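Spelled out, the chains give:
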Amino acid sequence: MWFIFVQLLGLIPSLIAITSLQSANRGRILTLQLLCCGMWIQHYGILGAGTAVATNCIGILRALLCRYNDRPWAKSRLWLAVLMGLYLASAAVTWQGAPSALLTFSMLCTTVALWVHDMRVTRFLYLLNSPPILLANLLLGSYSCAAIEVLALSSFALAVYRYDIRPARQGAAAKT
């Protein structure tokens, strides 16, 4: 029963996360990321996945900074460097082998994705970070999150197609 509870604790924020990028609203995506990070901290804490807990703690700071990086106090690129440094440091402190490396790479991609205001770049970087997260979740025993990551990968690919590839194709077809 405990196994099921722990998997459900990871499933709920994962479901929220995969649907968030179907929104074209950056603020909504970042608000949902805050919620997801809080829930994942609990899930990965129970699993004993130190790097995942640390990256999600930093993820809360990241979401707040990215949410307000159009304001003077939060838009400095120094914050981007600080966040990336925190992710690298958290991996070094909580090193658990391959899962730590995979999660750190993904969080670096996600940090840049959330920092930029170009939704094309955001969607592409989310697509890029999905396979390493899938593998890390399998290695950490977070099977519900791994299963949902397969859906997330599909969701990210769909978002890239809907908002980036299809409009570009339609524009190219109109020119011919």
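Residues numbered from 1 in each chain as written. Predicted model: local features only at pLDDT ≥ 70, side-chain atom pairs only at ≥ 80, totals over all residues. Heavy atoms only, no water.

Colleague: Is there a simple way to think about the nonpolar core in this case?
Modeller: The nonpolar side chains of soluble globular proteins are, as a tendency, buried together. Leu 65, Cys 66, Leu 83, Tyr 87, Leu 114, Trp 115 and Tyr 126 are the most contacted members of the largest nonpolar core, which totals 22 residues. Sorting the residues of this core by element identifies helix 2 (26-47), helix 3 (50-67), helix 4 (77-93), helix 5 (98-115), helix 6 (119-140) and helix 7 (143-175) as the ones contributing at least two each. Residue contributions to this core peak at five residues, all from helix 5. Residues contacting Tyr 87, with those up to four places away along its chain left out, are Thr 55, Ile 58, Gly 59, Arg 62, Thr 104, Met 107, Leu 108 and Thr 111. Ala 49, Leu 103, Ala 136 and Leu 140 belong to the second-largest nonpolar core, a separate cluster that totals 13 residues. (Core = buried A, V, L, I, M, F, W, Y, C linked by side-chain atoms within 4.5 Å. Buried < 20%, exposed > 50% of the residue type's maximum accessible area, 1.4 Å probe, protein only. Helix = DSSP H or I, 4+ residues; strand = E, 2+ residues; numbered from the N terminus. Contact = heavy atoms within 4.5 Å.)

Colleague: Explanation requested: a nonpolar patch on the surface in the structure shown.
Modeller: Side chains of Met 1, Phe 3, Ile 4, Leu 8, Leu 135, Leu 138, Leu 139 and Tyr 143 sit close together on the surface and give an oily, nonpolar patch of about 870 Å² of accessible area. Breaking the nonpolar patch down by element, the ones donating at least two residues are helix 1 (2-20) and helix 6. With respect to the helices and strands, the residue Tyr 143 is situated in helix 7. (Patch = residues over 30% accessible without salt bridge, like charges linked within 9 Å, V, L, I, M, F, W, Y side chains within 5 Å. Areas by Shrake-Rupley, 256 points an atom, 1.4 Å probe, with all protein chains shown as cover. Salt bridge = Lys/Arg side-chain N within 4 Å of Asp/Glu carboxyl O.)

Colleague: Got a minute to help me understand the packing of aromatic side chains in this structure?
Modeller: By convention here, two paired aromatic rings are described through the distance between centres and the angle between planes. Scanning all chains against the criterion turns up four aromatic pairs. Ring centres of Phe 3 and Tyr 143 lie 6.4 Å apart, and the angle between their planes is 45°; on these two criteria the pair is classed as tilted. On the criterion of sequence distance, the pair formed by Phe 3 in helix 1 and Tyr 143 in helix 7 is long-range, its members being 140 residues apart. (Phe/Tyr/Trp six-rings, centres within 6.5 Å; stacked < 30°, edge-to-face > 60°.)

Colleague: What am I meant to see in the side chain of Thr 122 here?
Modeller: Structurally, the position occupied by Thr 122 is in helix 6. There is a polar contact of 2.6 Å between the side chain of Thr 122 and the backbone oxygen of Ala 113. (Polar contact = N/O pair within 3.5 Å; in protein donor to acceptor, adjacent residues only side chain to side chain.)

Colleague: Would you explain empty space enclosed by the protein in this entry?
Modeller: Over the atoms, a rolling probe the size of a water molecule traces out where space has been left empty. In total, this model carries two cavities of 30 Å³ or more according to the counting rule given. Roughly 350 Å³ of internal volume is contained in the largest cavity. Residue lining of the largest cavity: 23 residues in total, with Ala 17, Trp 40, Met 107, Ile 133 and Glu 149 positioned closest to the centre. Elements supplying a minimum of two residues to the lining of the largest cavity: helix 1, helix 2, helix 3, helix 5, helix 6 and helix 7. Counted by class, the lining of the largest cavity contains 14 nonpolar, seven polar and two charged residues. Roughly 30 Å³ of internal volume is contained in the second largest cavity. Lining the second largest cavity we find Arg 26, Ile 29, Ala 113, Leu 114, Val 116, Met 119 and Thr 122. At the level of secondary structure, the elements contributing two or more residues to the lining of the second largest cavity comprise helix 2, helix 5 and helix 6. (1 Å grid on protein atoms, 1.4 Å probe; cavity = no way out; pocket = protein on both sides within 12 Å on 5 of 7 lines; lining within 4 Å. Points joined across faces, edges and corners; volume = space filled by probe spheres on them. Nonpolar A, V, L, I, M, F, W, Y, C, P; charged D, E, K, R; others polar.)

Colleague: Just to check I follow, could you spell out the environment of Tyr 161 for this structure?
Modeller: Here Tyr 161 shows up in helix 7. Counting along the chain gives 14 residues from Tyr 161 to Ala 147, while the straight-line C-alpha distance between them is 22 Å. The contact partners of Tyr 161, leaving out residues within four places of it in the chain, are Arg 166, Pro 167 and Arg 169.

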